[in-house]
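# Geometric and topological summary
Next come the chains, spelled out residue by residue.
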Amino acid sequence: MAEDVTTRAAVPAGGRLAAAALAPARGAVLALLAALSPPVLAVSFLAALCGLLAPALALRRFADLARRLAAAWCGVPPLARPYRPAPAPPSPDTEGRFRIGSQLYRTASLPAYLRRVEWLARDPATHREAVWLALNPAVAAATVLLPAALVVAGLALTAAGPDLLATASGPLLAVAGAACGPALLTAYGRWTRALLGPRTAPARTGRAEALWRGAVRHGRAVLRLWAAALLAVVAAVLAAGTVLCLVPGAGWPLAGYLRVSRAFTALRRRQVAAWTGVEIASPYTPPPQAPEPRPDGTYRAGRTLYRSPRPVVRLRRYAWALRSPATWRDLLWLAAEPVAALLPGAAVAVLVGYGFLGLVWPWLWVVPLGPWVSYDAAAAWTPLTEWLPFLRPLPAALFSPLLGTAATLAGCAAAPRLLALHARWSGLLLAPTPAVLLARRVDALREQRDDTTDAQAAVLRRIERDLHDGAQASWVAVGMKLDSVEHLMADRPEEARRLLGEAREGLAKGLRELRHLVRGIHPPVLAERGLGDAVRALALDVPLEVEAVVELPGRADPAVESAVYFTVGELLANVVKHAGAGRVRVELWLEDEALTGAVCDDGRGGADPEAGSGLAGLRSRLAPFDGVLTVDSPPGGPTRVEFRLPLRPGSTPG
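Quick caveat, the model's predicted, so the values are computed rather than measured. (Residues numbered from 1 in each chain as written. Predicted model: local features only at pLDDT ≥ 70, side-chain atom pairs only at ≥ 80, totals over all residues. Heavy atoms only, no water.)

## Regarding the overall build of the protein chain
Each helix and strand counted, the protein chain has 21 helices and nine strands in total. Classification of the 654 residues of the protein chain by burial places 35% in the buried group. Across the protein chain, contacts joining residues at least 24 apart in sequence account for 68% of those joining residues at least 6 apart. (Helix = DSSP H or I, 4+ residues; strand = E, 2+ residues; numbered from the N terminus. Buried < 20%, exposed > 50% of the residue type's maximum accessible area, 1.4 Å probe, protein only. Contact = heavy atoms within 4.5 Å.)

## Topic: the pattern of salt bridges
Applying the stated criterion across every chain, the model contains eleven salt bridges. Of the charged contacts in the structure, one is a salt bridge between E545 and R583, with a shortest N-O distance of 3.6 Å. Pair noted here: E545 is in strand β5 (residues 545–551) and R583 is in strand β6 (residues 583–590), with a separation of 38 residues, a long-range link. A relative accessible area of 48% places E545 in the partly exposed class. The partner of R585 in a salt bridge is E547, with the nearest N and O atoms 2.9 Å apart. Of this pair, R585 sits in strand β6 while E547 sits in strand β5; the two residues are 38 residues apart in sequence, bridging distant segments of the chain. Judged by relative accessible area, R585 falls into the partly exposed class, the value being 29%. By relative accessible area, E547 is classed as partly exposed at 36%. (Salt bridge = Lys/Arg side-chain N within 4 Å of Asp/Glu carboxyl O.)

## Remarks on the sheet that holds β5
Strand order in this open sheet of five strands is β5-β6-β7-β9-β8, and the pairing throughout is mixed. Among the strands making up the open sheet, the edge pair consists of β5 and β8 (628–632). Averaged over all pairs of adjacent strands, the angle between strand axes in this sheet comes to 10 degrees, irrespective of strand direction. As defined by bridge partners, β6 adjoins strand β7 (residues 594–601) across seven bridges and the pair is classed as antiparallel. Across the sheet, residue L590 finds its bridge partner in β7, namely L595. Helix α19 (residues 531–541) contacts β5, β6 and β7 of the sheet and is inclined by roughly 175 degrees relative to β5. Most of the contacts of helix α20 (residues 558–579) go to strand β9 (residues 639–646), to which it runs at about 170 degrees, and overall it touches β6, β7 and β9. (Pairing = 2+ DSSP bridges. Axes fitted to C-alpha atoms, helices over the stretch in contact; angles between N-to-C directions.)

## Thoughts on empty space enclosed by the protein
Overall, the coordinates contain three cavities of 30 Å³ or more when judged by the stated rule. The calculated volume of the largest cavity comes to roughly 80 Å³. Around the largest cavity, the lining residues are L30, L33, A34, F62, L65, A66, L69, A70, W132, N136, Y188 and T192. When contributions to the lining of the largest cavity are tallied by element, the ones reaching two or more residues are α2 (13–35), α5 (60–73), α7 (124–142) and α9 (164–196). Taken together, the residues of the lining of the largest cavity sort by class into ten nonpolar, two polar and no charged. Each pocket or cavity is described by its volume, and for the second largest cavity that value is around 50 Å³. Around the second largest cavity, the lining residues are T242, L258, S261, R262, T265, Y284, T327, D330, L331 and L334. (1 Å grid on protein atoms, 1.4 Å probe; cavity = no way out; pocket = protein on both sides within 12 Å on 5 of 7 lines; lining within 4 Å. Points joined across faces, edges and corners; volume = space filled by probe spheres on them. Nonpolar A, V, L, I, M, F, W, Y, C, P; charged D, E, K, R; others polar.)

## A short note on the packing of helix α3 (residues 37–49) against α7
The angle between the axes and the distance between the axes are what describe a pair of packed helices. One can describe the packing of α3 onto α7 by two numbers: an axis separation of 7 Å at closest approach and a directional angle of 145 degrees. As α3 runs across α7, the sense of the crossing is left-handed. Touching S37, P38, V40 and L41 of α3 are A130, W132, L133, A134, N136 and P137, all from α7. Taken together, the residues that form the contact of α3 with α7 break down as eight nonpolar, two polar and no charged. (Left-handed = near helix turned anticlockwise from the far one by under 90°.)

This is the structure in structure tokens:
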């Protein structure tokens, strides 16, 4: 504040007068640009929704113009562009393919496009720019439009006639508009700098920070409601197409159209989760398997035989779609979405738009547009004054801005609640039914049972192989040497003594192999000293710099501790073999009745559980305990593998 006062005092009087004289004109230009902000936002959103990145990026020049004008006219420092650097073009792998996630592409065009889409969507500057475009008209009407309106009103009153009151108040209004112009321009410039400037460390603390976060949350909710209303039009089109697909003999490609509609509902599930935190699982059952040919080479569907499998596949998919509850629930949601999404979006749009009209209406009626155009300051609120008669005697220039502000704030305040209500409505129809959840649980338990059985069989085979090739072979050799000692004891005692020494070494070797085998089944350090010390012992055996952070208050179930111990050991072995890392960090802690751990390294990254690596085996190891394993390993590193095992009730360490 002291810096602003010093700067203002250093400006010559002539410069301040020039700034005051130019402020109304500059404010009028900024208000005109603010009126163009919502159309620019709508065009940019529709272009991005249709996959047209070039128009969406080109419209950033509108924000660049606002930054330049704020620096030139509003007394704020020059604003740099706050956008993140554009992503580098994708580079091919050793086979000449381009990878995005788990997908490989032959050319770089589609991966480069997907990278730019992700870059544009995840840039925080894009979100702040959208909020600025949406709220800019209201802010401009309350700040930079006021000086121009006062000056125009003053000139209009001065030229109105010989009325003494008008002649005296006209110049006063014009002078007041010019006097408050620089301060209001500065306020508008700070608003522009806050949203369109580079993101710096937040200087707001306490209540100011809470107010700022609340304003951003409500502004995003308004934009998301409007986006849901636009997407409701797509839902109506898909509902009509789904009905035509389900009509027998219509000839529509049912499977292909279902893929489109289900892709759209999957997109809306992800949006609901990202916007409101309401997770909606996918409700679809797996599609039917391909038909098997009969011995004569034909394919059977009911009591009809076909020479080609295509009619059978089509009939099976048609029956699968008709019998799936998710198809009918999706159809009901698509048909009702225009009402469920358009009503909240229209309600917020009416409140915000009507409130904005109330803010700007008092300044429009004083603008002399000619004898053929006349404004009434109370005309914007005619329905409200008819409903509330006590407002009629009040001057419209007084209650119109107040009611406009109240309507705008009411629309912004209702937006998060309406968005959450829409999310709950979507969850009622787009989530899986209890029967589907039960069937999935049964399938998952069946797969876990098969995986556990296979894993136990593999462990038994390994134990048998280690006993046969290790300890058993050592003890057989010891037995043969003892037989030789028995024959050599009388005639060649020195040779017998040497063989006894070799037999003693063989017994020690077999005992070491047996202990190693026992440690592989259940390590003694785990049973004696607990999971924390067992993990620290694992860290000491790794030829890297390992930091072990264990925050466990006590012991967990032996089976859970064993699974975590071997999981950490396998992850450390993977780091040593494949990561090329120099440092590793192992973490174990208790969170929400679950034993959670993570292994982080600074290696080359690129670990993919879907590529058939050992990480898939670790998931199978944790599956019987309902454990989950997540991998975050971008190319170039670092890698973080986190696992989580829920504890049984009453078994919390403590």
